[in-house]
Amino acid sequence: MRTKNLLLIFTRNPELGKCKTRLAATIGPQAALDVYKTLLAHTMTITRALPCDKQVHYSVKIRPDDQWDATIYKKKQQQGTDLGQRMQHAFAQGFADGYQNIIIIGSDMYDLSAEDIATAFTHLETYPYVIGPAEDGGYYLLGIQQLHPTIFHNKAWGTSTVLKDTLQDLEGSNYKLLPERNDVDYYEDIKDIPVFQQFLNQQYD
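Residues numbered from 1 in each chain as written. Predicted model: local features only at pLDDT ≥ 70, side-chain atom pairs only at ≥ 80, totals over all residues. Heavy atoms only, no water.

Visitor: Can you lay out the nonpolar core for me, pointing to particular residues and giving the numbers?
Guide: Nonpolar side chains in soluble globular proteins tend to end up buried together. In terms of nonpolar packing, the biggest core is built from 38 residues, with Leu7, Val35, Ile117 and Leu141 touching the most fellow members. Of all the secondary-structure elements, those providing two or more residues to this core are strand S1 (5-11), helix H1 (21-27), helix H2 (29-47), strand S2 (53-58), strand S4 (101-105), helix H4 (114-123), strand S6 (139-144) and helix H7 (197-204). It is H2 that contributes the most residues to this core, 9 residues altogether. In contact with Ile117, not counting residues within four places along its chain, are Leu7, Ile46, Thr47, Leu50, Ile103, Ile105, Leu112 and Leu141. Core analysis: the next-biggest nonpolar cluster, separate from the first, contains 22 residues, Phe10, Tyr129, Leu142 and Phe152 among them. (Core = buried A, V, L, I, M, F, W, Y, C linked by side-chain atoms within 4.5 Å. Buried < 20%, exposed > 50% of the residue type's maximum accessible area, 1.4 Å probe, protein only. Helix = DSSP H or I, 4+ residues; strand = E, 2+ residues; numbered from the N terminus. Contact = heavy atoms within 4.5 Å.)

Quick look at the structure:
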């Protein structure tokens, strides 16, 4: 039975040399892949029991028999030429399917918890937009009650201006900002987190 809440999880296929490339520039492609697999496992841990419908949107190719349990996560292919188009398409399809509150997250947030996502869904009962600001000037979570195409257009995705430009698009609208969190893109983002030390030690012993 479908719920009214949908969680979209955007993920990259975990392939050597094709994920966490900025991190790989410092720690090497194999260590970066190991870090990303750890991040994927964390994302599954914090989302699998949430009382909402869940979809995993693959960047390149749907993997039917991978670590994402198909009885919990519906698997989709991202559609569009840039991140904004891909997110807009996923949200639009979710609303067309009848969902009322939709949240999107990435799969590189070790700083994110199940409680953060549950709280965001609670805020969506009151606010039409909920945003989780990332320390790098982007956002780690976006929740909306209705499609607002402008927020997906004319953004320099992956840069420090994304949050500022998005909030400018929402000027005059009622939105809720969540606590700031840190995503994982660079060595500095993981160097002090114990779970990643095993991968860093491979590179720096």
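Visitor: Report on the packing of aromatic side chains, specifying residues and quantitative values.
Guide: All chains considered together, the criterion is met by 3 aromatic pairs. A centroid spacing of 4.9 Å and a plane angle of 85 degrees characterise the contact between Trp68 and Tyr73, whose relative ring orientation is edge-to-face. Taking the relative accessible area as the measure of exposure, Trp68 reaches 2% and is therefore buried. A relative accessible area of 0% places Tyr73 in the buried class. On the numbers, 5.3 Å between centres and 65 degrees between planes, the contact of Tyr110 with Phe196 is edge-to-face. Of this pair, Tyr110 sits in the loop between S4 and H4 while Phe196 sits in the loop between helix H6 (187-190) and H7; the two residues are 86 residues apart in sequence, bridging distant segments of the chain. Take Tyr110: its relative accessible area is 30%, and that puts it in the partly exposed class. (Phe/Tyr/Trp six-rings, centres within 6.5 Å; stacked < 30°, edge-to-face > 60°.)

Visitor: Explain H4 residue by residue, including any values.
Guide: Along H4, the residues that are buried comprise Asp116, Ile117, Ala120, Phe121 and His123. One face of H4 carries all of its buried residues, which in axial projection span an arc of 160 degrees. H4 presents Glu115 and Thr122 as exposed residues on the side facing more than 90 degrees away from its buried surface. Against S1, H2, S4, strand S5 (129-133), S6 and strand S7 (175-177) lie the buried residues of H4. (Arc of directions from axis to C-beta.)

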